[in-house]
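# Secondary and tertiary structure notes
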Amino acid sequence: MTSLDDYLNITINGIEYKRVTDTGYLFINQKGCVSNKPYILEKVGQVSTTTFFFHVYINYFQNNSDFVNSVPGDYSVTPAFIANNAPCNLGIELSCDSVPYTPTSSWVLQNPGNKTYSVKSISPMGETSTSKLYQVIGEFTVDFKDSTNKLIPVTGKFQKTISVVKP
């Protein structure tokens, strides 16, 4: 019994965008900060406008035996699609590109090594014969700089139902 209420709400430069999250864009067997544990990288959601394209992704342990002990708290925020990134469980990755896209149009996440976001809750949502479902609710506040060096404040809230593999 999964919730159909998963969402991504972000505020960029004081303008709020509300999106129902979609499924897909899921990568399994990813490497993470615990070298002997497989991770999943999954899209939480995206906001696309005529001037920017903003993405939020979440990393989490692939196996329930690893994920089951996850608790609410502060987790890492890093830029998305960085080579050799070794995300940890429940870390989020953010990216934003100006529209139209050029190789230099990406917004730059400010102070990524010092940023965390808050996981407010992790709730069991049911299971199938091969997986367990959890709903993760999180909130973040970050700053980006666009290609003109303008500082752009971004806040966000999301609810995402994830699926981890049973032993």
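Residues numbered from 1 in each chain as written. Predicted model: local features only at pLDDT ≥ 70, side-chain atom pairs only at ≥ 80, totals over all residues. Heavy atoms only, no water.

## A short note on the state of the cysteines
Considering all chains together, one arrives at one disulfide under this definition. Here Cys-33 pairs with Cys-88 through a disulfide, and the sulfurs are 2.0 Å apart. Taking the sign of the S-S torsion, 135° for the link of Cys-33 and Cys-88, the bridge is right-handed. Highlighted residues: Cys-33 in the loop between strand 3 (26-30) and strand 4 (39-48) and Cys-88 in the loop between strand 6 (73-79) and strand 7 (92-98), separated in sequence by 55 residues. Owing to a relative accessible area of 39%, Cys-33 belongs among the partly exposed residues under this scheme. (Disulfide = S-S within 2.5 Å. Helix = DSSP H or I, 4+ residues; strand = E, 2+ residues; numbered from the N terminus. Buried < 20%, exposed > 50% of the residue type's maximum accessible area, 1.4 Å probe, protein only.)

## Structural notes on the environment of Gln-30
Mapped onto the fold, Gln-30 is located in strand 3. Placed 28 residues apart in sequence, Gln-30 and Ile-58 show a C-alpha to C-alpha distance of 12 Å. If we ignore the near neighbours within four places in the chain, the residues touching Gln-30 are Lys-37, Pro-38, Tyr-39 and Leu-41. In terms of polar contacts, Gln-30 uses its side chain to reach the backbone carbonyl oxygen of Ile-28, at 3.1 Å. (Contact = heavy atoms within 4.5 Å. Polar contact = N/O pair within 3.5 Å; in protein donor to acceptor, adjacent residues only side chain to side chain.)

## A closer look at the side chain of Asn-9
With respect to the secondary-structure elements, Asn-9 resides in strand 1 (residues 7-12). When sequence neighbours within four positions are dropped, the list of residues in contact with Asn-9 reads Glu-16, Tyr-17, Lys-18, Arg-19, Thr-155, Gly-156 and Lys-157.

## What about the nonpolar core?
Phe-54, Tyr-117 and Phe-140 are the most contacted members of the largest nonpolar core, which has 36 residues in total. Within the residue set of this core, elements represented by two or more residues are strand 1, strand 4, strand 5 (52-61), strand 6, strand 7, strand 9 (116-127), strand 10 (131-145) and strand 11 (151-165). For this core, the element with the highest residue contribution is strand 5, accounting for six residues. (Core = buried A, V, L, I, M, F, W, Y, C linked by side-chain atoms within 4.5 Å.)

## Brief notes about the confidence of the model for the chain
Confidence in the prediction of the chain, expressed as mean pLDDT, is 91, and 96% of residues score 70 or more. Mean pLDDT across the elements of the chain bottoms out in strand 3 (90) and peaks in helix 1 (residues 64-67) (98). (pLDDT = per-residue confidence, 0-100.)

## Some details on the pairing of strand 9
In this sheet, strand 9 lies alongside strand 6 in antiparallel orientation, the contact comprising four bridges. Among the inter-strand pairings, Asp-74 is bridged to a residue of strand 9, identified as Ser-118. Pairing of strand 9 with strand 10 involves eight bridges; the strand directions are antiparallel. Paired with Glu-127 across the two strands is Lys-132, which belongs to strand 10. The hairpin formed by strand 9 and strand 10 contains three residues between the paired strands. (Pairing = 2+ DSSP bridges.)

## Comments concerning a nonpolar patch on the surface
Residues Tyr-25, Phe-27 and Phe-81 make up a contiguous nonpolar surface patch of about 300 Å² in total accessible area. Take Phe-27: it is sitting in strand 3. (Patch = residues over 30% accessible without salt bridge, like charges linked within 9 Å, V, L, I, M, F, W, Y side chains within 5 Å. Areas by Shrake-Rupley, 256 points an atom, 1.4 Å probe, with all protein chains shown as cover. Salt bridge = Lys/Arg side-chain N within 4 Å of Asp/Glu carboxyl O.)

## A short note on the environment of Tyr-57
Mapped onto the secondary structure, Tyr-57 falls in strand 5. It is 4.3 Å that separates the C-alpha atoms of Tyr-57 and Lys-43, two residues lying 14 residues apart in sequence. Setting aside residues up to four positions removed in sequence, Tyr-57 forms contacts with Tyr-25, Leu-41, Glu-42, Lys-43, Val-44, Ala-80, Phe-81, Gly-91, Ile-92, Glu-93 and Ser-95. Of note is the side chain of Tyr-57, whose polar atom sits 3.0 Å from the side chain of His-55.

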